[in-house]
Amino acid sequence: MATIQSIGVIGAGQMGCGIAHVCAAAGYKVHLYDLSRDRIEAGLATINGNLARQVSNGKLSDDERKAALSRISGSADLNDLAPVDLAIEAATEEEAVKRKIYAQLCPILKPEALLATNTSSLSITRLASATDRPERFMGIHFMNPVPAMKLVELVRGIATDETTFTTAREFVSTLDKTVTVAEDFPAFIVNRILLPMINEAIYTLYEGVGSVDAIDTAMKLGANHPMGPLQLADFIGLDTCLSIMQVLHDGLADSKYRPCPLLVKYVEAGWLGRKTGRGFYDYRGETPVPTR
Ligand SMILES: NC(=O)c1ccc[n+]([C@@H]2O[C@H](COP(=O)([O-])OP(=O)(O)OC[C@H]3O[C@@H](n4cnc5c(N)ncnc54)[C@H](O)[C@@H]3O)[C@@H](O)[C@H]2O)c1
């Protein structure tokens, strides 16, 4: 098994920040990379805020918060990832974006470093083929929000070797998370089941069966879901939801996975959910207000 002491995280969005947060809290040195200094600053501020919330909830002491923060560095220079033992890519859910990152990153990483993707849906085998290390590449799929969610899906590509898999499993256990192993098929387990449900909720809205409020209330109180499906879609990010539905539709060639045109329209409007301030709800005021 390879020894993991330092982690590189590519993408300082909601998932990258969450991954950096839990790795630093577990004692790893973390380097966060994104395209601009502004995004890094925003990411570090988010991590600081989330760590502070854990202190007020009694989950972390203030000394632990300070120690975790001191283990995280960040920059918009990919070369800073050269020393890491494991790089976890958590950039935008677009295959072209991820391929471009691997082309730039692989020559920088140590030959023995492991490379993982946090993709929600893309083929691990195909992404691995865009790297110089398919045997040391796999899917380590965290759930959102990372500090709160217990599950991590592990997905091997066709070439992933056993040492990589065992090292990843051991690494995840040090983060106090539970592993589930999924085969490399579109959207793996969680999103294969979850996203068609969310897409169907959007069709329910599109066809006028219910309002945003009616649909979310129905599923919270009628199916005992902690969040309504439209609230959850906003939380995931509507661009990410659309990408996952497209991967399911293309990869499984079944019309039951066709993305709802209303989801497409929201993404075209740039109403991507919480992260942009508007989606099925408008988050710009005190309390979220349904947009339909
Ligand atoms: N949102 C979720 O609920 C969720 C859950 C599990 C996994 N994921 C996966 O995690 C990944 C990231 O999702 P997210 O929700 O954090 O998205 P996000 O939109 O919040 O963040 C994506 C980040 O990637 C950065 N980025 C884009 N191109 C880049 C590049 N070339 N180099 C470095 N950074 C780049 C963006 O600047 C942005 O900060 C996706 O693959 C997504 O499918 C998302």
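Definitions and limits used
- Position labels on residues start from 1 in each chain and follow its written sequence.
- The model is predicted, so local features are restricted to residues of pLDDT at least 70 and side-chain atom pairs to those at 80 or more, both for listing and for counting; the totals for chains, interfaces and linings are taken over all residues.
- The side-chain figures draw on all heavy atoms in the structure; neither hydrogens nor water molecules are used.
- In this description a helix means any DSSP run of H or I spanning at least four residues, a strand means any run of E spanning at least two, and both kinds are numbered starting from the N terminus.
- Only protein chains enter the calculation, and the probe is 1.4 Å; a residue is then buried if its accessible area is under 20% of its type maximum, exposed if over 50%, and partly exposed in between.
- Within this scheme the basic residues Lys and Arg register as positive and the acidic residues Asp and Glu register as negative, but His and the chain ends are omitted.
- We define a salt bridge as a contact between a side-chain nitrogen of Lys or Arg and a carboxyl oxygen of Asp or Glu at a distance within 4 Å.
- We define a polar contact as two N or O atoms separated by no more than 3.5 Å, with the added condition that, inside protein, one atom must be a possible hydrogen donor and the other a possible acceptor, whereas residues neighbouring each other in sequence contribute only through side-chain atom pairs.
- Axis geometry follows a simple rule: fit a line to the C-alpha atoms, using only the stretch in contact for helices, then measure angles between N-to-C directions, giving values from 0 to 180 degrees.
- Each angle is binned into one of four classes, with values under 35 degrees roughly parallel, values over 145 roughly antiparallel, values of 65 to 115 roughly perpendicular, and all other values oblique.
- Handedness of a crossing is defined here by the sense of rotation of the near helix relative to the far one, left-handed for an anticlockwise turn of less than a right angle and right-handed for a clockwise turn.
- Note on contacts: a residue pair is in contact if any heavy atoms of the two residues lie within 4.5 Å.
- Charged means Asp, Glu, Lys or Arg here, nonpolar means Ala, Val, Leu, Ile, Met, Phe, Trp, Tyr, Cys or Pro, and polar covers whatever is left, Gly included.
- Residues are labelled near a given molecule or strand when at least one of their non-hydrogen atoms is within 4 Å of it.
- In short, Shrake-Rupley with a 1.4 Å probe defines the accessible areas, and a residue's cover is counted only from the protein chains shown.
- Two strands make a pair as long as DSSP finds a minimum of two bridges between them.
- UniProt positions are given in the numbering used here, feature names are shortened, and annotations may be inferred rather than shown by experiment.

1. With respect to the side chain of Asp 184
Here is step 1 of the chain: Mapped onto the elements of the fold, Asp 184 is located in the loop between strand S8 (178-182) and helix H7 (190-206).
Here is step 2 of the chain: We note that Asp 184 is buried and unpaired, the nearest opposite charge coming from Arg 126 at a distance of 8.1 Å.
Here is step 3 of the chain: At 3.0 Å, the side chain of Asp 184 forms a polar contact with the backbone nitrogen of Ile 124.
Here is step 4 of the chain: Looking at Asp 184, its side chain comes within polar contact range of the side chain of Thr 125, at 2.7 Å.

2. Some thoughts on the packing of H7 against helix H8 (residues 212-222)
Here is step 1 of the chain: The geometry of H7 relative to H8 is characterised by a closest axis approach of 9 Å and an angle of 140° between their N-to-C directions. By the angle between their axes, H7 is oblique relative to H8. Where H7 crosses over H8, the two elements pack in a sense that is right-handed. Packed against H7, whose contacting residues are Met 197, Ala 201, Thr 204 and Leu 205, the element H8 presents Val 212, Ile 215 and Met 219 at the interface.
Here is step 2 of the chain: In terms of residue class, the contact of H7 with H8 is built from 6 nonpolar, 1 polar and no charged.

3. Notes on the site of the ligand
Here is step 1 of the chain: Taken together, 26 residues surround the ligand, and among them Asp 34, Arg 39, Glu 93, Lys 98 and Ser 120 come closest.
Here is step 2 of the chain: Residue Gly 13 places a main-chain N or O atom 3.5 Å away from an oxygen atom belonging to the ligand.
Here is step 3 of the chain: Note that an oxygen atom of the ligand is positioned 3.0 Å from one of the side-chain N or O atoms of Lys 275.
Here is step 4 of the chain: Considering the ligand on its own, with 840 Å² of exposed area, one finds that the protein chains cover 89% of that surface.
Here is step 5 of the chain: Contributing elements (two or more residues each) for the shell around the ligand: helix H1 (14-25), helix H4 (95-105) and strand S6 (137-142).
Here is step 6 of the chain: Among the elements that make up the shell around the ligand, the one with the highest residue count is H4 (3 residues).

4. A word on the pairing of strand S7 (residues 151-156)
Here is step 1 of the chain: Here S6 runs beside S7; their pairing, made up of 5 bridges, is antiparallel. Paired with Ile 140 across the strands is Leu 154, a residue of S7.
Here is step 2 of the chain: Taken together, the 5 bridges between S7 and S8 define a ladder with parallel strand orientation. Bridging across to S8, Glu 153 finds its partner in Thr 180.

5. Looking at the sheet that holds strand S2 (residues 29-33)
Here is step 1 of the chain: Spatially, S3-S2-S1-S4-S5-S6-S7-S8 is the arrangement adopted by the 8 strands of the open sheet, whose pairing is mixed. The open sheet terminates on both sides in strands that have one partner only, identified here as strand S3 (72-75) and S8. Each adjacent strand pair in this sheet contributes to an overall mean axis angle of 25°, direction not counted.
Here is step 2 of the chain: Pairing geometry for strand S4 (residues 86-89) and strand S5 (residues 114-117), over 4 bridges, is parallel. For Leu 86, the partnering residue across the bridge sits in S5 and is Leu 114.
Here is step 3 of the chain: Sheet contacts for helix H2 (residues 37-56): S2 and S3; angle to S3, the most-contacted strand, approximately 160°.

6. A closer look at the UniProt feature "domain: 3-hydroxyacyl-CoA dehydrogenase C-terminal" (unreviewed entry) in the protein chain
Here is step 1 of the chain: Under the UniProt annotation, the feature "domain: 3-hydroxyacyl-CoA dehydrogenase C-terminal" (unreviewed entry) is placed at residues 188-283.
Here is step 2 of the chain: The straight-line gap between the two end C-alpha atoms of residues 188-283 is 30 Å; of that span, 62% is helix and 2% is strand.

7. Some details on the pattern of salt bridges
Oppositely charged side chains can pair when the atoms bearing their charge come close.
Here is step 1 of the chain: The final tally for this structure, using the stated rule, is 15 salt bridges.
Here is step 2 of the chain: Two residues, Lys 110 and Asp 85, come together in a salt bridge whose shortest N-O distance is 2.7 Å. A residue pair is termed long-range when its members are at least 10 positions apart, and Lys 110 in the loop between H4 and S5 and Asp 85 in the loop between S3 and S4 qualify at 25 residues.
Here is step 3 of the chain: Lys 110 sits in the partly exposed class, given a relative accessible area of 24%.
Here is step 4 of the chain: Residue Asp 85 is classed as buried on the basis of its relative accessible area of 13%.
Here is step 5 of the chain: The residue Asp 132 makes a salt bridge to Arg 133 at a minimum N-O spacing of 2.8 Å.
Here is step 6 of the chain: Looking at Asp 132, the relative accessible area reads 47%, which means it is partly exposed.
Here is step 7 of the chain: By relative accessible area, which is 1% here, Arg 133 ends up buried.

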